[in-house]
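Coordinate inspection notes
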Amino acid sequence: MLSLEKTLSIKSLNTPAALLLFLVLALAITPVIASSQEHPCQNASIQLRGDLDVIMNRGGLWALMEQTEGLKDKSVLGLQIDGKLARLVGNFETMCEEKKNPTKQLFNSMTNLLGEARMIWNPSSSGEAVLQLLDPLNKKIDTLLSKTK
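Residues numbered from 1 in each chain as written. Predicted model: local features only at pLDDT ≥ 70, side-chain atom pairs only at ≥ 80, totals over all residues. Heavy atoms only, no water.

The geometry of helix H3 (residues 60-67) relative to helix H4 (residues 75-97) is characterised by a closest axis approach of 6 Å and an angle of 165° between their N-to-C directions. Classed by the angle they form, the pair H3 and H4 counts as roughly antiparallel. For the element pair H3 and H4, the recorded crossing hand is right-handed. Mapping the contact onto sequence places Gly60, Leu61, Trp62, Met65 and Glu66 in H3 and Ser75, Leu77, Gly78, Leu79, Ile81 and Asp82 in H4. Class assignment for the residues of the contact of H3 with H4 results in six nonpolar, three polar and two charged. (Axes fitted to C-alpha atoms, helices over the stretch in contact; angles between N-to-C directions. Helix = DSSP H or I, 4+ residues; strand = E, 2+ residues; numbered from the N terminus. Parallel < 35°, antiparallel > 145°, perpendicular 65-115°, else oblique. Left-handed = near helix turned anticlockwise from the far one by under 90°. Contact = heavy atoms within 4.5 Å. Nonpolar A, V, L, I, M, F, W, Y, C, P; charged D, E, K, R; others polar.)

Here's what the structure looks like:
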């Protein structure tokens, strides 16, 4: 059986150790919590880069035009659009890094353009249908690029 003196000495020895342990754990967890809460701009950049990668992993719009009968001679347009989409995403990432915090509207516009580019990859589209989709997409990208400079 424990006497009162032993109980007090055990409690007095454990109290500083418990406080020290609590302090060490609190200091170790705080940076992890702070780093896990990324700015929404970073998450948006990751999403845009992922959407662009989906298009580029297929070879981009240039590859689509090279593979579509009757569009090989006009495939430079696809290459230009691929480059412009990459510049848009790069501009967004730069804005985030420079703490300029792009607007939600800009993010939505870019997401829509990347979505349009992905939809052009519809295998049932003819060469003429692809061209009719690429021209307006190119103009929209130019407009958005002028806003992000």
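Right, picking up where we left off after that structure.
With the rule as written, the count across this model stands at one aromatic pair. For the ring pair phenylalanine 92 and phenylalanine 107, a centre distance of 6.2 Å and an interplane angle of 45° mean the geometry is tilted. One end of the pair, phenylalanine 92, is in helix H4; the other, phenylalanine 107, is in helix H5 (residues 104-119), with 15 residues separating them in the sequence. (Phe/Tyr/Trp six-rings, centres within 6.5 Å; stacked < 30°, edge-to-face > 60°.)

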